[in-house]
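A structural walkthrough
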Number of protein chains: 2
Amino acid sequence: MPTPPRTSLEAIVSAGRRLLESEGLESLSMQRVAVAVGVRAPSLYKHVRDRGDLIRLIGNDAIQELGRSLDAAASSRDPRRDLRAMAVAHRAFAGAYPQAYRLLFARLPESWQVDASLAERASEPIIRTLEKLTAGEQTLEAARTVVAWAHGFAAMELAGAFRLGGDVDRAFAFGLDRLLSAVVSD
Amino acid sequence: MPTPPRTSLEAIVSAGRRLLESEGLESLSMQRVAVAVGVRAPSLYKHVRDRGDLIRLIGNDAIQELGRSLDAAASSRDPRRDLRAMAVAHRAFAGAYPQAYRLLFARLPESWQVDASLAERASEPIIRTLEKLTAGEQTLEAARTVVAWAHGFAAMELAGAFRLGGDVDRAFAFGLDRLLSAVVSD
DNA sequence: ACCTGAACACCGTTCAAGT
DNA sequence: ACCTGAACACCGTTCAAGT
């Protein structure tokens, strides 16, 4: 006899993302997600293929949010200003959602990976802005340099890898300044 | 009645690191490490406090190897050349030991973290080289900028995050060039 | 002194049975 | 049509018992 669903994919993903952020990826168990949405673990398999699939959907959710935040940052008429704003937004996203951020740049099994089309769309504001600032055949290299720095900085900050004292905000400002002047064509 | 140890900390750490690299951190279970050294899981607790402690010891082993590799790279008389060589060595280490590399920059519980003194020693060649290349009060910021870029590049490469085609080696060379000229005082 | 099996509290996942 | 308990094959960790 048909029964109405007692939960939904949306509720599962959103509970999963909340649990990820509060407890970390290791504690993101099917059982805990199930309890959070009011069912038992086996029921989740009606909505997601397995735990990796749920992780992929959580990543999709997060990367879209990061993309929206980068897009909003790149909305002035000044591409240099936009690039700075995107770097700040990138770091802010990592600070606000450290676990989700970590997930996006983690090495995961193929089937857990965020959808390629969503990843590409999230990076579009960066490419778009650097097209205005660099000679065409260097846009991709310039984007990779900037994103590598921004990601590395955020990842090290989250990992607590800046252990030698000093002012981390100052290092961020220094790096951003130098990077922009180095990467951008005159 | 006393019995001689049937394994050793050294054997455990080295089997653990091998298992980490071949199967990943998730598969680094006490049971599998125990089998690899010829005992049962409970016996490992005579040598390490818990799984996190074993992970810390594996990280210590890896960071010392990375440090030796950076140190060997920074052995010419030309600090610019040394900096390039260290960036190449850093990337090579990540490529050779992706799982151990990932571990070193992962966000881990405090007690799993590599010893601070070993982390500091591993970064010493970078600081030493940048001291020769920058005004004193900018050395730390310059080092953080270079390391953030090198780490971000390696991490993205390992994560398969360079998805827009193009030549990744070329992006590495481009980034390194631009970064050096931007970070180094004239 | 060291190693072990058994036990405990967890996992992810499958599946027959319940409604 | 959806949810469930039971089951299976795993975890990490503790501990009394074996040698």
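Fair warning: this is a prediction, and the values are worked out from it, not measured in the lab.

Basis of the calculations
Residues numbered from 1 in each chain as written. Chains lettered and ligands numbered in written order. Predicted model: local features only at pLDDT ≥ 70, side-chain atom pairs only at ≥ 80, totals over all residues. Heavy atoms only, no water. Least-squares fit on C-alpha atoms with pLDDT ≥ 70 in both. Contact = heavy atoms within 4.5 Å. Helix = DSSP H or I, 4+ residues; strand = E, 2+ residues; numbered from the N terminus. Expected span 1.5 Å × (residues − 1). Axes fitted to C-alpha atoms, helices over the stretch in contact; angles between N-to-C directions. Parallel < 35°, antiparallel > 145°, perpendicular 65-115°, else oblique. Left-handed = near helix turned anticlockwise from the far one by under 90°. Nonpolar A, V, L, I, M, F, W, Y, C, P; charged D, E, K, R; others polar. Buried area = accessible area lost by both parts, 1.4 Å probe. Salt bridge = Lys/Arg side-chain N within 4 Å of Asp/Glu carboxyl O.

What follows is about the relation of the copies chain A and chain B. Superposition of chain A onto chain B requires a rotation of 180° combined with a translation of 0.0 Å along the rotation axis, giving an RMSD of 0.0 Å. Such a combination of turn and shift is consistent with a two-fold rotation axis. By residue overlap, the copies meet face to face through one surface: 100% of the interface positions of chain A are interface positions in chain B.

Let's shift gears to helix 5 (residues 79-96) of chain B. One full turn of an α-helix is made of 3.6 residues, so residues set three or four places apart face in the same direction. If you check helix 5 of chain B, its first and last C-alpha atoms are 25 Å apart, about what 18 residues at 1.5 Å a residue would give, namely 26 Å. Considering only its buried residues, helix 5 of chain B is in contact with helix 1 (9-23), helix 4 (51-73), helix 6 (98-104), helix 7 (116-133), helix 8 (139-159) and helix 9 (168-183) of chain B.

Residues and elements named next belong to chain A. Remark: helix 1 (residues 9-23) packs on helix 2 (residues 30-37), axes separated minimally by 9 Å, with the N-to-C direction vectors making an angle of 120°. As the angle between them shows, helix 1 and helix 2 are arranged oblique. Along this stretch, helix 1 crosses helix 2, giving a crossing that reads as right-handed. Facing helix 1, whose interface residues are Ala11, Ile12, Ala15, Gly16, Leu19 and Glu23, helix 2 presents Arg32, Val33, Ala36 and Val37. For the contact of helix 1 with helix 2, a count of residues per class yields seven nonpolar, one polar and two charged.

Another point: the interface of chain A and chain B. Bring the parts together and some accessible area is lost; that lost area is often taken as the interface size. At the interface, 43 residues of chain A touch 43 residues of chain B. For the chain A and chain B pair, buried surface summed over both sides reaches about 4100 Å², with 59% attributable to carbon and sulfur atoms. It is Arg107(A), Arg144(A) and Leu164(A) that lose the most area in chain A upon contact with chain B, and together they represent 19% of the buried surface on that side. Where chain A packs against chain B, one counts two salt bridges. Here Glu141(A) and Arg170(B) are joined by a salt bridge, their closest N and O atoms 3.6 Å apart.

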